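# Coordinates in review
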Amino acid sequence: MQPSATMIVASPTVEQALQATPTQAAQPIVPLLLETGEEGFSIPLHVQHRMRDKLVVLFELEQAREGRLYWWPVDTPFQQANFQGFGADDTRHLITLTALKPGQAYHVAVALPGADGFDRIPTFMDEIWGPIEVKMTTEEYFPLSIGVFGDSGFGEEVTKDLAAQVSSRDPDLVIHTGDLVYLAYQEGSPQAAYQAKWYQTLASLLKRTVLYPVLGNHELDGDALFQNRPYYFHAFPPIEELGGGWQREPGVLERHWYALELETLQILFLNTQQLYGGPARQEQDAWLESRLADGRFQTTIVVFHVPPLTSGRHNLDGLVVVSSWLPAFEASNVALVLSGHDHNYERLERNGITYVVSGGGSSVLYPLEQRRDESIHFEAVSHYVLLTINADDISLQAFNLEGDMIDSTIIPLR
């Protein structure tokens, strides 16, 4: 089978790829074997952004190699896969797959050529990674299922269990409220810390759906720096379709904030660290103002790390968030604000907006300190949140580690 006409990078024909094989008997249509190869990923293949008919995937190899990215519908044999080549000019690759079918589930795999002319899948942490499976959104976005959790960065079994529970809910996407990795020095390097505490711990999600994070305060820790920049920006590069961000210095683009557009809904991912002396505070505020004034969107959900309202340990950290952003939220169509930072679950309401603190992605939890008047439900418990976005409202359910529902509500759209 010839490569798809939508491919960006030219690939050899199958006939060329199979010339090195010793026999023509029972050969696959494409030179792919679903077996492990001798080489590995330093960042495993996963989806960074998904649209109705496009996927943006990211992976990084331990060594720069030429190889192929394969994709095929889950109800089609892998021998009929489409593929496109990538070069050996870099170890990290951000690739966009186009002309995909809305509502279709696809397998996606990276494979590297072997001496026998067949491509095999790299390993990650000594295990095969892939093919991953991702389902495209349908022509109708709603109802939309979203998983939410945060402050998960210890690499615990608790977090693996929570991730597996979220994955079993088959969400369309997952929001992470920040602090992806704690104590990076324990693993010897930022890269090793992300491998163990993000990619391996959340593998059940990364192999099935797309995670959209915000930058937490621990992403800026000194032991999380890679080439003098937070490793976070290496793991989450700018993507044109997400917009946002800011240019710190010539030639260096970093995804500090961005927007996810879903028909009449927009989800804004902000960087609260800019409010504490960051050099791009005014730029982010101007971007936020323009997004909230955009008439294309009927409803806005906002995500950032430090909660403006919390009854937990960090109840004073969000004062600058309250003064900087809440008046703009209340004057616009913001219906829901999601944060982390406090390691607990809390739902609050203020002036028609629901605020949710979801920082219970580990076993390290913070107790109730001083109950706010706006607080409706508080629990210091490991948990995740499931949102269902409907045409007229948002259904919110929170679940603990045992799978029991601890809170639920219906949020009307503003």
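Here, the structure is the one placed above.
Residues numbered from 1 in each chain as written. Predicted model: local features only at pLDDT ≥ 70, side-chain atom pairs only at ≥ 80, totals over all residues. Heavy atoms only, no water.

## Observations concerning the nonpolar core
Leu 45, Trp 198, Ile 267 and Leu 387 are the most contacted members of the largest nonpolar core, which totals 84 residues. Once residues lying within four places of it in the same chain are set aside, the contact partners of Ile 267 are Ile 146, Ile 175, Tyr 258, Ala 259, Leu 260, Leu 262, Ile 301 and Val 303. (Core = buried A, V, L, I, M, F, W, Y, C linked by side-chain atoms within 4.5 Å. Buried < 20%, exposed > 50% of the residue type's maximum accessible area, 1.4 Å probe, protein only. Contact = heavy atoms within 4.5 Å.)

## Considerations on the packing of helix α6 (residues 281-292) against helix α7 (residues 319-330)
Packed helix pairs are characterised by how far apart their axes lie and by the angle those axes make with each other. Where α6 contacts α7, the two axes come as close as 10 Å, and the packing angle between them is 20°. Comparing the axis directions of α6 and α7 gives the class roughly parallel. The two elements α6 and α7 cross, and the hand of that crossing is right-handed. Of α7, the residues touching α6 (which contributes Arg 281, Gln 284, Asp 285, Leu 288 and Leu 292) are Val 320, Ser 324, Trp 325, Ala 328 and Phe 329. By residue class, the composition of the contact of α6 with α7 is six nonpolar, two polar and two charged. (Axes fitted to C-alpha atoms, helices over the stretch in contact; angles between N-to-C directions. Helix = DSSP H or I, 4+ residues; strand = E, 2+ residues; numbered from the N terminus. Parallel < 35°, antiparallel > 145°, perpendicular 65-115°, else oblique. Left-handed = near helix turned anticlockwise from the far one by under 90°. Nonpolar A, V, L, I, M, F, W, Y, C, P; charged D, E, K, R; others polar.)

## Some details on empty space enclosed by the protein
Taken as a whole, this structure holds one cavity of 30 Å³ or more when the rule is applied. In terms of lining, the largest cavity is formed by Arg 50, Thr 137, Leu 173, Val 210, Tyr 212, Leu 260 and Leu 262. Within the lining of the largest cavity, the residues separate by chemical class into five nonpolar, one polar and one charged. (1 Å grid on protein atoms, 1.4 Å probe; cavity = no way out; pocket = protein on both sides within 12 Å on 5 of 7 lines; lining within 4 Å. Points joined across faces, edges and corners; volume = space filled by probe spheres on them.)

## Section: the sheet that holds strand β11 (residues 173-176)
The strand order across the open sheet built from six strands is β12-β11-β10-β24-β25-β26, with neighbouring strands paired in mixed fashion. One side of each edge strand has no neighbouring strand; the edge strands of this open sheet are β12 (211-213) and β26 (405-412). Ignoring strand direction, the axes of neighbouring strands in this sheet form an average angle of 20°. Alignment of strand β24 (residues 383-389) against strand β25 (residues 393-400), held across seven bridges, turns out to be antiparallel. Counterpart to Thr 388 in the pairing with β25 is Ser 395. (Pairing = 2+ DSSP bridges.)

## Some words on the side chain of Glu 374
Residue placement: Glu 374 occurs in the loop between β22 (353-358) and β23 (375-379). In contact with Glu 374, other than residues within four places in its own chain, are Leu 309, Arg 347, Leu 348, Glu 349 and Arg 350.

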